[in-house]
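The residues making up each chain are set out below.
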Amino acid sequence: VALGLYFPRKEYLENVYIDEPAGMPLLHIHALRDSREEAAHFHLCQNLIISRVRSHENNWFQIKEKTGLLYLNKSLDREDFNMLSVGNWMPLPKVMLYVFLSSHPFQEKECDSAARTVVFLSLINATAPACSSLTARQLCFTEMDLSFHIKENKPPGTFYQLQLPSVHHLCQNLSISYKLLAAEGVPFRYNESTTSVRVTQRLDREERERYELIAKCTVIEGFREMQVEVPFLVNVLDEDDSPPFLPNGTDTADAVVEFNRKEGTVLSTLTVYDADTTPIYPFESSRKKYTGTIITDDPWIRETFRIEHIFDEIHFSPNGSQVRGTRHEY
């Protein structure tokens, strides 16, 4: 069965410090549904990938199957750190974990689900810093860009939590609150009590391809108040759901062939627009999608004339928003 569930991010980043306690929450991963009946189940594969070349059994990290909360199930001590960072050429050793997604509970060691995302964990050779030494940016947001991909025509759902689980766990003496700043009428809602962001309706890429919001965070520590704002971007992924169309509805072009025309002379043109797709590379993929054919029983016509197909990216502007599409010229 093809999986409809999907991750709104291709990758996640988080820091792990030495001697953080077992049970420490690290990261909240979300999934979006293809149909309303689906329920998401998350699963970690058994191995950590180290420096992209070797792997090690994962003894430290676990994920809650129904909520997507990634946490430490064993403290990472200095001996563990040394073992995982051996041969790691990066200044900040990193390990990779694959998180898999399914609409049914996972069987033991099942790691071949079509839907997966990657988590990069930076191993910090120090204990977690004191909350008072962190900047507002570090307390409020991870090092990741807040950039998401949501498929068009899919049900509403929660796709991100602004509050950082690790900071919330460690820095309980601080007051950290968020707001999502957006133009009126955008299809996203911020829930103050859960700090989660939700897409509230099905999106249509042909209406709008990109939403640019701002996440604002306020940190209050005693009498000190700090604020930080970062871009919060949502890109709408295309589904092939709109037919191509002809400008002015004209589906016929007359060609007049005069005597003694040189080879390569253009006799007639016909333009077709497609708001649904953009030129795909390699070009042959796009070329095969629409073909031009001369319908004739006359072999001389087939030998003497040919249709050339060129296409390029154009922009449509529904509701004042720029949406990419393709212009095909025959």
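Residues numbered from 1 in each chain as written. Predicted model: local features only at pLDDT ≥ 70, side-chain atom pairs only at ≥ 80, totals over all residues. Heavy atoms only, no water.

Details of the pattern of salt bridges
Convention followed: Each reported salt bridge corresponds to a side-chain nitrogen of Lys or Arg within 4 Å of a carboxyl oxygen of Asp or Glu. Any residue under 20% of the maximum accessible area for its type is buried, any over 50% is exposed, and the rest in between are partly exposed; the area is computed with a 1.4 Å probe on protein chains only.
The full count for this structure, using the stated rule, is twelve salt bridges. A salt bridge links Glu 212 to Arg 210; the shortest N-O distance between them is 3.1 Å. Residue classification places Glu 212 among the exposed residues on the basis of a relative accessible area of 57%. With a closest N to O distance of 2.6 Å, Glu 221 and Arg 224 form a salt bridge. A residue is classified by how much of its surface remains accessible, and Glu 221, at 22% relative accessible area, is partly exposed.

Some details on the domain arrangement of the chain
Put simply, the rule is: The domain limits used here are those given by an automatic or database domain assignment. Contact definition: two residues touch when any of their heavy atoms are within 4.5 Å. Buried area counts how much accessible surface, traced with a 1.4 Å probe, disappears from two parts once they are put together, with both parts' losses summed. The term polar contact refers here to a pair of N or O atoms within 3.5 Å; inside protein, the definition further demands a hydrogen-donor-capable atom paired with an acceptor-capable atom, and it admits residues adjacent in sequence only when both atoms are side-chain atoms. Gly counts as polar in this scheme, as do all residues outside two lists: the nonpolar Ala, Val, Leu, Ile, Met, Phe, Trp, Tyr, Cys and Pro, and the charged Asp, Glu, Lys and Arg.
Taken domain by domain, the chain consists of domain 1 (1-128), domain 2 (130-239) and domain 3 (240-329). Using only C-alpha atoms to locate each centre, domain 2 and domain 3 end up separated by 43 Å. With nine residues of domain 2 at the interface, the matching set in domain 3 holds twelve residues. For the pair domain 2 and domain 3, the two sides together bury roughly 840 Å², of which 31% comes from carbon and sulfur. Of all residues in domain 2, Glu 206, Glu 207 and Glu 209 bury the most surface against domain 3, accounting for 54% of the area lost on that side. Scanning the region where domain 2 abuts domain 3 turns up one salt bridge. The shortest N-O distance in the salt bridge between Glu 209 and Arg 324 comes to 2.6 Å. One can count three residue pairs in polar contact (both at pLDDT 80 or more) joining domain 2 with domain 3. Here the side of domain 2 that touches domain 3 is built from residues that sort into no nonpolar, one polar and eight charged.

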